[in-house]
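# Fold and geometry: a report
The chain contents come next:
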Amino acid sequence: MHNSLASKLLVRLLLLFALVTVISIVILSKWGFDELTSQTDKDSPPNPSETNGYTYALSSRDAEIERLKHEVLTLRAQLVLLQSNRSNNGLAGRLPLQGSGYFSSSVSASSSVNNSSSSSNNSNSHLHQSDTTIASLTHHYDCSSYIRKQVGAAEILHGLPLNNEYEMIPFNHFTFTRVYPIDLGLGKRVVEKPIGYRRRDLLEAVNKALESLNRNHTARARAKGLPVSELGRYTLDDFVEGIYRTEPTTGSQYELYFQSIKHQTTVVRKALIMRPFAPLQTVQLSEVPASPTIHVIVPLAGRLRSFRSFVQMLNKLADQRLHLVVVYFGEAGLKEAQLIAGGAKRVQLVALNETFSRAKALRLGAEHIQPEAAKAMQQDPLLFMCDVDIVFTAKFLERCRWNTAPGKKVYYPVVFSLYNPHVVYTLQGKALPSEEEQLVISRDTGFWRDFGYGMTCQYRSDFLQIRGFDEEIVGWGGEDVMLYRKYVRSKIKIVRATDPGIFHRWHTKICTGSLSADQYRACIRSRALNEASHAQLGFLAFRDEIAAAMAHS
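Residues numbered from 1 in each chain as written. Predicted model: local features only at pLDDT ≥ 70, side-chain atom pairs only at ≥ 80, totals over all residues. Heavy atoms only, no water.

Within an unreviewed UniProt entry, the label attached to the chain reads Hexosyltransferase, and the organism entered is Drosophila arizonae. UniProt's Subcellular location (unreviewed entry) comment on the chain is quoted here verbatim: "Golgi apparatus, Golgi stack membrane". What the UniProt record of the chain gives under Sequence similarities (unreviewed entry) is the line "Belongs to the chondroitin N-acetylgalactosaminyltransferase family." (UniProt positions renumbered as here; feature names shortened; annotations may be inferred.)

## Some words on the state of the cysteines
As enumerated under the stated definition, the model contains two disulfides in all. A sulfur-sulfur distance of 2.1 Å marks the disulfide that ties cysteine 400 to cysteine 457. An S-S torsion of about -120 degrees defines the bridge between cysteine 400 and cysteine 457 as left-handed. One end of the pair, cysteine 400, is in helix H11 (residues 394-402); the other, cysteine 457, is in strand S14 (residues 456-459), with 57 residues separating them in the sequence. Here cysteine 400 falls in the buried class, since its relative accessible area comes to 0%. (Disulfide = S-S within 2.5 Å. Helix = DSSP H or I, 4+ residues; strand = E, 2+ residues; numbered from the N terminus. Buried < 20%, exposed > 50% of the residue type's maximum accessible area, 1.4 Å probe, protein only.)

## Comments concerning the pairing of strand S3 (residues 239-247)
Of all nine residues that make up S3, seven are buried, and the element is covered over most of its length. With three bridges joining them, strand S1 (residues 172-174) and S3 adopt antiparallel strand pairing. Opposite histidine 173, over in S3, you have isoleucine 243 as the bridge partner. As paired strands, S3 and strand S4 (residues 251-258) are joined by eight bridges and run antiparallel to one another. What sits directly across from glycine 242, in S4, is leucine 256. (Pairing = 2+ DSSP bridges.)

## Some details on the packing of aromatic side chains
In the structure shown here, the tally under the stated rule is 21 aromatic pairs. Ring geometry for phenylalanine 416 and tryptophan 448: centres 5.2 Å apart, planes at 80 degrees, overall edge-to-face. Of this pair, phenylalanine 416 sits in strand S12 (residues 409-418) while tryptophan 448 is found in strand S13 (residues 446-449), placing the two residues 32 residues apart along the sequence. Across the pair, exposure class does not vary: phenylalanine 416 and tryptophan 448 are buried alike. (Phe/Tyr/Trp six-rings, centres within 6.5 Å; stacked < 30°, edge-to-face > 60°.)

## Things to note about the environment of alanine 341
Structurally, alanine 341 is set in helix H9 (residues 334-342). We classify alanine 341 as buried; its relative accessible area is 7%. Put simply, alanine 341 and phenylalanine 307 are 34 residues apart on the chain and 9.0 Å apart in space, counted from C-alpha to C-alpha. The residues contacting alanine 341, other than those within four sequence positions of it, are Phe307, Val347 and Leu349. (Contact = heavy atoms within 4.5 Å.)

Okay, here's the thing in structure tokens:
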């Protein structure tokens, strides 16, 4: 209480000094030496000695004005620092009162300005000292202002409209032991250990978040009059995972998640950290909202074997906050699909006797969510638009919830796409493992499907507000990219990150002649990329030469 009153009193004194300084500048500039000039002109012509005295008076006045300007700048900088750091009660006592000391020196110097040149020298020394103080305070003020500007310009608390999808910078997922980089291309590692500068960078971000979380815990305990203990403090062991990316014009961004191990709590705390090419700043601390029900929407036409595997996967997850909506096209296989859906819990099937359209299926699925599935506490359902060939884990579902917020952000995970297992394991001379054992992230088993935008988590209000898919697109591909571009051009933040908890199973892809030219090229490209790695395709292409060479050896 005493420190707060002292800070307020000091601010008022500094404001008073600033007011007196401004009045002094006005008086000196308008009336201080104008009368001397007019009197000299009227009484007698100037002689050399009078001219020298007059010039000295003018130079003294200019020096005095400059000193007063520096005084105003000093007071202003000190006021900014006091106001921005008032929460740190000890800062006011540590801040040097250069303004008040210099003000008295300035008055003394001005009272004897015409008496001796020693007063002028003394003032110059004060001016040099004041310049040093002002430069230091101004630098501190400019640095803080620049950091705030960088944080405000970054796409970290809000989305920014972009020109196209190529300007979107995706995130990289990481833990203490693994980094799943988004850097793509042949020969790139899809998973690696954080070492060197990357480890130091991520560790600094995590430590900064811990510092902010624990300082916040201490402040809340003191505010409630409770003893500050070590029990509620977060440690490195409480770090769960995070994502990061670097924007070239603003800096590195980190979204970090913590969950206390000691207390066995379900509360997950999130820290937004930014390195704006300057010291790290804690942008926001918040608790992750209660986990909502996820409504998985799957378009389907045939593919009953894959559908059965998909339902079995959902049953193994045993997530009570999961609801499946299947939009089935055509009559072929409809009854069997209904039997599969009927044997599972929380599954709804919508039948359409029409030509398959993924865009229309996802829109109808969003509209046909049953009232009991969207409870009163969740009027705005969370949607996961999915395909029947996708396999995901419970951890992915948590990330689907963490990385979405109505009106604020949507989640576009980068899926790990598995190669043809018959090629992968045959070339290695291994037997074909079970489907669950094939879910391995490595360069030989698959790749990050950076060109796919079909898997997405978003709230229904955002999907409807952005006017959903282009339903004129019929058949395979194209509609997901168009929806993604709508979000890119909006102010909704897109979280685009590699996700080690979601896989695309390999399956035979048929590219028919009924597709448009663009769709057909995209289908063939996808088919080629899904088949095997570059090296594995090379082995297949040169297998005759390899066999001949092995025979000669």
